[in-house]
Amino acid sequence: MRSKVLLLSLLAAVAARHPEAPTHSKLRNLPPINAAEFTADYWYNEARAAIEKRSKRDPDQNVARNLIMFLGDGMSIPTLAAARALKGQKLDRTGEEEELFFESFPGLGLAKTYCVNQQIADSACTATAYLCGVKNNYGTTGVTAAVSRRNCEASLLETNRVESIAEWALAAGKDVGIVTTTRVTHASPSGVYAKSADRHWENDAEIISDSNDPERCVDIARQLIQMNPGQQLKVILGGGRREFLPNTTFDDEGGQGFRTDGQNLIEQWQQDKSDRDLSHDYVWNRDQLMNHFDSPPEYLLGLFENSHMQYHLEANATTEPTLEEMTEIAIKMLSRNEKGFFLFVEGGRIDHAHHDNYVHIALDETLQFEKAVEKAAGILPEDDTLIVVTADHAHVMAYNGYTARGSPIYGLSDEKDTDGMPYMTISYTNGPGARTQVNGIRDDIRQDGNFGENRWRAHVEFPLEDETHGGDDVAVFARGPHYRLFAGLYEQSQIPHVMAYVGCIGPGPHAPGCNAATTLHVTGLVLLLSVVKLILL
Ligand SMILES: *[C@@H]1O[C@H](CO)[C@@H](O)[C@H](O)[C@H]1NC(C)=O
Ligand SMILES: *[C@@H]1O[C@H](CO)[C@@H](O)[C@H](O)[C@H]1NC(C)=O
Ligand SMILES: [Zn+2]
């Protein structure tokens, strides 16, 4: 019985979202991809040249001690515009004139999100771009495009493995943390700490089912708990307990583990910190997390769900912290390091709601994400903290029609289609919300039993089990030192290089202010000594 349940959930986990990239049609002769793109150097050099060019027009002398990347998964530009209208309309305003908090940031650019082998990206190849500064293949994390999907052996070659900005931060003595509403082993956060030929290799069973050896290619959960840089993360908050527990055990809320190697990685994490005499705690619900709010331990692991955390609109308030709460506690913890920190915060379920055409949930998750950014910006001073807010890829939600000013964002367009049927201001080009037509005419969506409810699926053009990502550019907002460097249209893989430039970490180049920042203490001391000398004389 249990194994049947596990098998079903495993199958569901493997199938579901982000299907395999389709093999290219044999009928078409695609132009070859530039082989140089298969190396990390190509993307490093591309970013360096861009930084050199843009920095000529950047007068900023400050550098950033703290770096935060806020990632709205699937937060396309139409998603921002619609969420902005929703925000205003919740306050009884017309809405269109409203602004999401981070939309007032002084730096704004656009990033191109394609991957090396794919026009329209997934969250794994984009995570490698915006966290490791290298574009690679669809479905792969932390490795170059020399690694094709599921090629375990290629992913083990040192030249094919790339470092993340988190590793650069750690090498500079900074602290690192991750906060997400998805499983902490999911594609986006995995870019912080994992190298994997497949994003689905979150536990050993997934690797075995792909006919690979989990002892050779270690799963993503084990990489987080047993290896570097995962082992060094001070704070890890999100969902995904099942990836850390044996399939013979159940978590505190009754969810079954997925591991078949018998390893309990939550216990291992606790043991590792105990062995090293480090203050630490593992929490699995909001109440336990909030108990730590005033004086969190040095290391904190919080896994609030068996899989992803609940959508905010549906969340149980005693078990699920908000993204804002998790972000605040993470900043509290990381701020204790005077050398600063790198924090990755993901609003990860904007994407999931879009995949289901749950537009009410997608926009609400976007507003929750906004609150987390606002909280962070309120705590951290602008002169030494660089905050970058962006998305990994777009979605196919359209904001359409010629609706009158102030019309409800979830409402009908003022016009009807050519069959005389009403349509919505927000619809999707594809997804599970497609209705069967009657006599060649669309259904009247207003007749849907759950019309207007959270899980009402928006109106869709053509049927797919899961709505797809979009290939359009995503916005990049920046506040803090050198925000001007984020202006323009550029490859997504430039983002971590620019952040590292401003934060004086990584292989370089570094901002001119970086030298000043390291000599500041010395200069200060020399100055103080001269003053003392003067007084004594
Ligand atoms: C756990 O996984 C192993 C290996 O796939 C399998 O043989 C076993 O039946 C599973 N146990 C449970 C309780 O599902
Ligand atoms: C929230 O979760 C707690 C703990 O599992 C449970 O006791 C409570 O009934 C839940 N509340 C709601 C509203 O579901
Ligand atoms: Zn997605």
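As for the sheet that holds strand S13 (residues 426-431)
Two orientations exist for strands paired in a sheet by backbone hydrogen bonds: parallel and antiparallel.
Step number 1: Here 3 strands make up an open sheet; going across it, the order is S10-S13-S14 and the pairing mixed. Of all strands in the sheet, those bounded by a partner on one side alone are strand S10 (397-399) and strand S14 (459-463). Put simply, the sheet's adjacent strands are angled 20 degrees from each other on average, direction ignored.
Step number 2: As paired strands, S13 and S14 are joined by 4 bridges and run parallel to one another. When the sheet's bridge partners are listed, Tyr-428 is paired in S14 with Val-460.
Step number 3: Helix H3 (residues 77-90) rests against S10 and S13 of the sheet, and its axis sits at about 55 degrees to S10.

Observations concerning the site of ligand 2
Step number 1: If you check the shell around ligand 2, you find Asn-316, Thr-318 and Thr-319 and nothing else.
Step number 2: Asn-316 places a side-chain nitrogen or oxygen 2.2 Å from an oxygen atom of ligand 2.
Step number 3: For ligand 2, whose accessible area on its own is 360 Å², the fraction buried by protein is 24%.

Observations concerning unusual backbone geometry
Step number 1: Between Asn-228 and the following residue, Pro-229, the backbone shows a cis peptide bond with an omega angle of 5 degrees.
Step number 2: Examined against the element boundaries, Pro-229 turns out to sit in the loop between helix H9 (220-226) and strand S4 (235-239).
Step number 3: Following Gly-508, the chain continues to Pro-509 via a peptide bond in cis, the omega torsion being 5 degrees.
Step number 4: Mapped onto the secondary structure, Pro-509 falls in the loop between helix H15 (495-503) and helix H16 (513-536).

Things to note about the domain arrangement of the protein
Step number 1: Each assigned domain of the protein is listed with its residue range as follows: domain 1 (2-396 + 468-519) and domain 2 (399-463).
Step number 2: One C-alpha centre belongs to domain 1, the other to domain 2, and the line joining them spans 33 Å.
Step number 3: Listed by partner, the interface residues are 23 residues for domain 1 and 24 residues for domain 2.
Step number 4: At the junction of domain 1 with domain 2, the criterion picks out 4 salt bridges.
Step number 5: Glu-314 is paired through a salt bridge with Arg-455; the nearest N and O atoms lie 2.6 Å apart.

Points about the side chain of Asn-136
Step number 1: If you trace the backbone, Asn-136 turns up in the loop between helix H4 (123-132) and helix H5 (152-156).
Step number 2: Relative accessible area serves as the criterion here: at 0%, Asn-136 is assigned to the buried category.
Step number 3: A polar side-chain atom of Asn-136 sits 3.2 Å from a polar atom in the side chain of Thr-128.
Step number 4: Setting aside residues up to four positions removed in sequence, Asn-136 forms contacts with Cys-115, Val-116, Asn-117, Cys-125, Thr-128, Thr-141, Gly-142, Val-143, Thr-144 and Ala-145.

Parameters at a glance
Residues numbered from 1 in each chain as written. Chains lettered and ligands numbered in written order. Predicted model: local features only at pLDDT ≥ 70, side-chain atom pairs only at ≥ 80, totals over all residues. Heavy atoms only, no water. Pairing = 2+ DSSP bridges. Helix = DSSP H or I, 4+ residues; strand = E, 2+ residues; numbered from the N terminus. Axes fitted to C-alpha atoms, helices over the stretch in contact; angles between N-to-C directions. Contact = heavy atoms within 4.5 Å. Near = heavy atom within 4 Å. Polar contact = N/O pair within 3.5 Å; in protein donor to acceptor, adjacent residues only side chain to side chain. Areas by Shrake-Rupley, 256 points an atom, 1.4 Å probe, with all protein chains shown as cover. Domains from an automatic or database assignment. Salt bridge = Lys/Arg side-chain N within 4 Å of Asp/Glu carboxyl O. Buried < 20%, exposed > 50% of the residue type's maximum accessible area, 1.4 Å probe, protein only.

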